[in-house]
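So you can see what is in the structure, the chains are spelled out below.
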Amino acid sequence: MTRNRGVPNRIPKSSDRRLLRQGNSRRNVRSESEAAQPPLDSKASGHAIQMKLTHRGNRFETASDTARKWLTSDWKIPVTLSLAVTGGLTALSIGFLLKLPAVPNCPSIFWPLASGSLRLHCAQLAAGKRTANDLLEAIRLLNTLSPDHPLYDEATRMIGMWSKDILDLGEEAFNAGKLDEAISTAKKVPQQSIVRAEVEGRIKRWQGIWAKAEKIYRGAEDALRAENWRQASTNASRLLSIDNVFWQTTKYQELAEKISITRDDISKLAKAKDLLAQGGLKSLQEAVKLASEVQDKSYVYQAAQEVLAKTGHKLFELAEATIKQRDLNGALDIVKQIPAAAKLQKETEDFEKLAIAQSRTWSGNEADFDSAIATAQGIAAGRPLHAQAQLLIERWQLEKGDLAQLNRARELAQSGRPEDLQAAIANAAQIPSSNPRSAEAQKLVNQLTTDVQTKQDRPILERAEQLAGAGDLASLESAIAQIDRIGSGRALFAEAQDRRQQWRRQIRQIEEQERALAAPPPSQAPIASAAGVNGLSQDPQSIQSQEIQADQQTLETARKAANGGTIDDYANAIRLADSVPSTSSIRGQAQEFMNQLSQQMYVAARSQADFDMLGAIASAEKVPPGTDSYAQAQQLVRSLKRSLGQ
């Protein structure tokens, strides 16, 4: 039959029944006690579970017995459990071993009650930061330990080491270019430290090195200001031997860069100075450009400003010369290029006003003179060109009066009558030589005088030419006598002298022909020879002597013609002197005289250019070729014509 697991297979024995009754009685008692007591917690409940009886087979077992059988039923289970327990204990042990003790919070410690070891620990932490203040704090923590303290020797050793660290920090600051910080740091070394004795010596060493380096650096700067970059480079190389990293590297590189920049500036200044010495508008403009490129931080900036100032004054002088040549636009353009470093701003303003006023006077209109004078009067006292304005006002007032007088003289001369010409000459001659228009007045006088003299002497010259037309000795002598009435300095004197020399040569030729015709035949040579000895005929030496006398007379006439002192007088005198034949023995004297007069003509024309450029051109053109000053006169003519735009 089928076994019912809920029913035992057999009837229990008497002993078994007794045990069953005891178990049931105990179960009943436990049930009653459990009903009388409050509920248990989880642990109690678990314990109770272990104590429960288990019905299995033909007997009852406890839970512990069941667990024991389960553990012993398979060997892998206890091995696994033992390994887990062993690993857990090992990890726990290592954790306890590696766990650091709690670090004390040094800033919050009450130091009067702190132990020596705690002070040493916190001092070491502070010193590890390696700053001067932290090192001093570390030293302060250990200074309170008494000599009998067990850690006193260690503390003393640490204090000495940290004091040296403070001094080393000062050395680092010194090499970093921070002298004041280095000195301040070194002075923080405690007085009781064994390192304190080194502080003063270290500071003196630093100061000595620094002073030496600064002296070298200043010497290089002075050399650059003196435009001697080579000496500056020599000084810079000496910094490399300075026992300081900051001066060997940072300051050396800084100085090397300054030398390089200043060297370029010195080159620019040298070129600017050369251009300044050359002069001329283009050279001065280029000099301003080069000097202006020097920056204000350059060591030669002041020298550049001096070059600019000198160049500015040169440009101002050039503008003044340009306005004298009656070139208003050119003068105004020049003054606009004057650099600010010349400090001629006020002078430039006054110059522009006076230049415009001066240009108005060139028209010769009285109203323009009045306008120019009014403008010049606007230059108040205290202005840079006030004195020059006053001089121009005085000159323009005189010039205005001279202009009116010259206009009256021209009006009189228009009729052409001799008496009107004489009156015009007298009117123009009244203008003093010190007046601005004196040169123009003298030119008019010379022109009118030439016209008058030409009208007076032309009939004489024509009458003499008619007489000389006969060609005989008597007619030629009469023509010479007639032409001698034209005195030296007269307008037709040079022409008259040319005719006189021409007719004198004709007379000599006629006389030579007559002597040749009067000579005896060859058979009568002794008689002729004797006659010659008695002075009845002239030999070649006598003829040559007469020619020399005639040439000397011509040169003397030329000298007298130059006594008039005018350009025309000099030109006439040169023409007379030039008539002396090149074969004459006094031709050298005549040439020297001609060269002297040409030089005087050139000087006069150059002086005239300051106030009358057209008149100066006419005067310079009268310098005859073949004289020493002819080339200079032609160059002056070209220069003046360019200024006038011709």
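Residues numbered from 1 in each chain as written. Predicted model: local features only at pLDDT ≥ 70, side-chain atom pairs only at ≥ 80, totals over all residues. Heavy atoms only, no water.

Novice: Quick question: what am I supposed to make of the overall build of the chain here?
Specialist: On a plain count of helices and strands, the chain comes out with 27 helices and 2 strands. Burial status across the chain gives 35% buried among its 646 residues. Taking as baseline every contact in the chain between residues at least 6 positions apart, the subset at least 24 positions apart corresponds to 58%. (Helix = DSSP H or I, 4+ residues; strand = E, 2+ residues; numbered from the N terminus. Buried < 20%, exposed > 50% of the residue type's maximum accessible area, 1.4 Å probe, protein only. Contact = heavy atoms within 4.5 Å.)

Novice: Would you mind showing me how to read the nonpolar core here?
Specialist: In globular proteins that are soluble, nonpolar side chains generally tend to be buried together. One finds Trp206, Leu239, Trp247, Phe351 and Trp396 to be the most contacted residues of the largest nonpolar core, which totals 75 residues. A per-element tally of this core places helix 9 (residues 196-225) first, with 11 residues. The residues touching Trp247, leaving out its near neighbours within four places in the chain, are Trp210, Ala213, Glu214, Tyr217, Leu239, Ile242 and Tyr252. By size, the runner-up hydrophobic cluster in this structure holds 44 residues, among which are Ile480, Ile510, Tyr602 and Met613. (Core = buried A, V, L, I, M, F, W, Y, C linked by side-chain atoms within 4.5 Å.)

Novice: Just checking my understanding: could you explain the pattern of salt bridges for this structure?
Specialist: Two side chains of opposite charge can pair, provided their charged atoms sit close to one another. All chains considered together, the criterion is met by 20 salt bridges. Two residues, Glu171 and Arg202, come together in a salt bridge whose shortest N-O distance is 3.0 Å. A residue pair is termed long-range when its members are at least 10 positions apart, and Glu171 in helix 7 (residues 152-175) and Arg202 in helix 9 qualify at 31 residues. Taken together, the shared-partner salt bridges connect Glu171, Glu198, Arg202, Arg205 and Asp243 into one network. (Salt bridge = Lys/Arg side-chain N within 4 Å of Asp/Glu carboxyl O.)

Novice: Sorry if this is basic, but what is going on with a positive patch on the surface here?
Specialist: Taken together, the side chains of Lys212, Lys215, Arg218 and Arg238 present a region of like positive charge at the surface. Sorting elements by how many residues they give to the positive patch places helix 9 first, with 3 residues. With respect to the secondary-structure elements, Arg238 resides in helix 10 (residues 229-238). Using a relative accessible area of 42% as the deciding quantity, one classes Arg238 as partly exposed. (Patch = residues over 30% accessible without salt bridge, like charges linked within 9 Å, V, L, I, M, F, W, Y side chains within 5 Å. Areas by Shrake-Rupley, 256 points an atom, 1.4 Å probe, with all protein chains shown as cover. Lys, Arg positive; Asp, Glu negative; His and termini not counted. Charge placed at Lys NZ, Arg CZ, Asp CG, Glu CD.)

Novice: Would you take a moment to explain the packing of aromatic side chains for this structure?
Specialist: The description of two aromatic rings rests on the distance between their centres and on the angle between their planes. Counted by the stated rule, this structure contains 7 aromatic pairs. These aromatic residues form a ring-pair network of at least three members: Phe174, Trp206, Trp210, Tyr217, Phe246 and Trp247. The positively charged end of Arg263 is found above the aromatic ring belonging to Trp229, 3.9 Å away from the centroid. In this structure, Arg559 packs its charged tip against the face of Phe593, placed 5.0 Å from the ring centre. (Phe/Tyr/Trp six-rings, centres within 6.5 Å; stacked < 30°, edge-to-face > 60°. Lys NZ or Arg CZ within 6 Å of the ring centre and 35° of its normal.)

Novice: Honestly, the packing of helix 8 (residues 179-186) against helix 9 in this entry has me stumped. Any pointers?
Specialist: The geometry of a pair of packed helices is captured by two quantities: the angle between their axes and the separation between those axes. The contact between helix 8 and helix 9 brings their axes to 10 Å, and the two run at 170°. In terms of orientation, helix 8 and helix 9 fall into the roughly antiparallel class. Residue-level inspection shows Leu179, Ala182, Ile183 and Ala186 of helix 8 in contact with helix 9, the latter providing Arg196, Val199, Ile203, Trp206, Gln207 and Trp210. Looking at the contact of helix 8 with helix 9 residue by residue, the class counts come to 8 nonpolar, 1 polar and 1 charged. (Axes fitted to C-alpha atoms, helices over the stretch in contact; angles between N-to-C directions. Parallel < 35°, antiparallel > 145°, perpendicular 65-115°, else oblique. Nonpolar A, V, L, I, M, F, W, Y, C, P; charged D, E, K, R; others polar.)

Novice: Explain the side chain of Asn244 to me, please; I cannot follow it from the model alone.
Specialist: Within the secondary structure layout, Asn244 lies in the loop between helix 10 and helix 11 (245-278). For Asn244, a relative accessible area of 1% corresponds to the buried category. Polar contacts involving the side chain of Asn244 include one to the main-chain carbonyl oxygen of Phe174, which spans 2.9 Å. If we ignore the near neighbours within four places in the chain, the residues touching Asn244 are Phe174, Asn175, Ile209 and Trp210. (Polar contact = N/O pair within 3.5 Å; in protein donor to acceptor, adjacent residues only side chain to side chain.)

Novice: Help me understand a negative patch on the surface, please; the structure alone is not making it clear to me.
Specialist: A cluster of like negative charges, contributed by Glu511, Glu512, Glu514 and Glu547, occupies part of the molecular surface. Top contributing element to the negative patch by residue count: helix 21 (residues 493-518), with 3 residues.

Novice: Any chance you could explain helix 9 here in plain terms?
Specialist: Each turn of an α-helix holds 3.6 residues, which means side chains three or four residues apart point in the same direction. Over its 30 residues, helix 9 runs 44 Å from end to end, which matches the ideal 44 Å to within 8%, given 1.5 Å per residue. Two residues or fewer after helix 9 comes Glu227, characterised by a positive phi angle close to 65°. (Expected span 1.5 Å × (residues − 1).)

Novice: What should I look at first to understand the environment of Asn435 in this one?
Specialist: As for its position among the elements, Asn435 is in the loop between helix 18 (418-429) and helix 19 (438-468). Among the residues examined, Asn435 registers a relative accessible area of 11% and is labelled buried. Between the C-alpha atom of Asn435 and that of Glu399, which follows or precedes it by 36 residues, the distance is 6.9 Å. Once residues lying within four places of it in the same chain are set aside, the contact partners of Asn435 are Leu398 and Asp402.

Novice: In this structure, what is going on with the environment of Ser298? I would like to understand it.
Specialist: For Ser298, the location among the structural elements is in the loop between helix 12 (281-292) and helix 13 (301-324). Judged by its relative accessible area of 12%, Ser298 falls in the buried class.

Novice: What is the right way to read the environment of Ser184 from this model?
Specialist: Here Ser184 is to be found in helix 8. Measuring from C-alpha to C-alpha, the distance between Ser184 and Gly170 comes to 7.8 Å, with 14 residues separating the pair along the chain.

Novice: Would you explain unusual backbone geometry in this entry?
Specialist: Peptide bonds are, in most cases, trans, and in most cases residues other than glycine have a negative phi. Phi at Glu227 takes a positive value of approximately 65°, unusual for a residue other than glycine. With respect to the helices and strands, Glu227 occurs in the loop between helix 9 and helix 10. Phi is positive for Arg326, close to 60°, though the residue is something other than glycine. Assignment of secondary structure puts Arg326 in the loop between helix 13 and helix 14 (328-336).

Novice: How do you make sense of the confidence of the model for the chain when you look at a structure like this?
Specialist: If pLDDT is low for a region, its predicted coordinates should not be looked at in detail. The predicted model of the chain has a mean per-residue pLDDT of 76, with 74% of residues at 70 or higher. Contacts for the low-pLDDT stretch residues 1-60, under 50 throughout, to residues beyond four places or in other chains number 25 contacts. (pLDDT = per-residue confidence, 0-100.)

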